[in-house]
Amino acid sequence: MSKVPDGFHYVRGHIRRNPKPRSAKRMSGWMIAGLLAGVWLWGQLFGFGEAATKTPPANPQSATSAPAVR
């Protein structure tokens with residue numbers, strides 16, 4: 001068996017790289033898809049800033065036209 005370089009180890013006849021420590025767990029594709037779906041659903045149910053935009057009050061005039069004079 002030959003000398004294994006630093007940062008590697010010998011497994012079943014192959015030289016493998018040593019695993020690196022993970023400081024933070026990476027998000028999977030399903031987690032990202034779930035978060036995006038949650039944001040989309042929140043927007044559908046509650047809206048994004050719709051309450052901040054106020055619609056102008058309705059015109060108090062009647063919708064019927066003035067009667068024709070004969």
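Presented here is a report on the structure given in the accompanying data block. Just so we're clear, the structure is a prediction, and the values are computed from it rather than from any experiment. (Residues numbered from 1 in each chain as written. Predicted model: local features only at pLDDT ≥ 70, side-chain atom pairs only at ≥ 80, totals over all residues. Heavy atoms only, no water.)

**Re the overall build of the protein**
Here is step 1: Broken down by element type, the protein carries 1 helix and 2 strands.
Here is step 2: Going residue by residue from the N terminus, the α and β elements of the protein occur as β-β-α.
Here is step 3: Taking all 70 residues of the protein together, 3% fall into the buried category.
Here is step 4: As displayed, the protein offers around 7500 Å² of accessible surface, 61% of which is attributable to carbon and sulfur atoms. (Helix = DSSP H or I, 4+ residues; strand = E, 2+ residues; numbered from the N terminus. Buried < 20%, exposed > 50% of the residue type's maximum accessible area, 1.4 Å probe, protein only. Areas by Shrake-Rupley, 256 points an atom, 1.4 Å probe, with all protein chains shown as cover.)

**Observations concerning the pairing of strand S2 (residues 14-17)**
Here is step 1: With 4 bridges joining them, strand S1 (residues 8-11) and S2 adopt antiparallel strand pairing. Along S2, the bridge assignment pairs Val11 with His14.
Here is step 2: Where S1 hands over to S2, the hairpin turn is made up of 2 residues, of which Arg12 adopts a positive phi near 45°. (Pairing = 2+ DSSP bridges.)

**So, a nonpolar patch on the surface**
Here is step 1: A grouping of Val39, Trp40, Leu41, Trp42, Leu45, Phe46 and Phe48 is seen on the molecular surface, where their side chains present a nonpolar patch of about 860 Å² in accessible area.
Here is step 2: By the secondary structure assignment, Phe48 is in the segment after helix H1 (29-46).
Here is step 3: Judged by relative accessible area, which is 57%, Phe48 ranks as exposed. (Patch = residues over 30% accessible without salt bridge, like charges linked within 9 Å, V, L, I, M, F, W, Y side chains within 5 Å. Salt bridge = Lys/Arg side-chain N within 4 Å of Asp/Glu carboxyl O.)

**Thoughts on the environment of Asp6**
Here is step 1: Mapped onto the secondary structure, Asp6 falls in the segment before S1.
Here is step 2: Separated by 11 residues in sequence, Asp6 and Arg17 place their C-alpha atoms 9.1 Å apart.

**Some thoughts on the packing of aromatic side chains**
Here is step 1: Inspection of every chain in the model, using the stated rule, returns 1 aromatic pair.
Here is step 2: Centre to centre, the rings of Trp42 and Phe46 are 4.4 Å apart; their planes meet at 50°, and the pair counts as tilted. Of this pair, Trp42 and Phe46 both sit in helix H1, 4 residues apart, which is roughly one turn of that helix. This pair shows no difference in class: Trp42 is exposed, exactly as Phe46 is. (Phe/Tyr/Trp six-rings, centres within 6.5 Å; stacked < 30°, edge-to-face > 60°.)

**As for the environment of Asn18**
Here is step 1: Tracing the backbone shows Asn18 in the loop between S2 and H1.
Here is step 2: The exposure class assigned to Asn18 is partly exposed, which follows from its relative accessible area of 32%.
Here is step 3: In this structure, the C-alpha to C-alpha distance between Asn18 and Gly7, residues 11 residues apart in sequence, is 5.5 Å.
Here is step 4: Contact partners of Asn18, with chain neighbours within four places excluded, come to Gly7, Phe8 and His9.
Here is step 5: A polar contact of 2.7 Å, which involves the side chain of Asn18, links it to the side chain of His9. (Contact = heavy atoms within 4.5 Å. Polar contact = N/O pair within 3.5 Å; in protein donor to acceptor, adjacent residues only side chain to side chain.)

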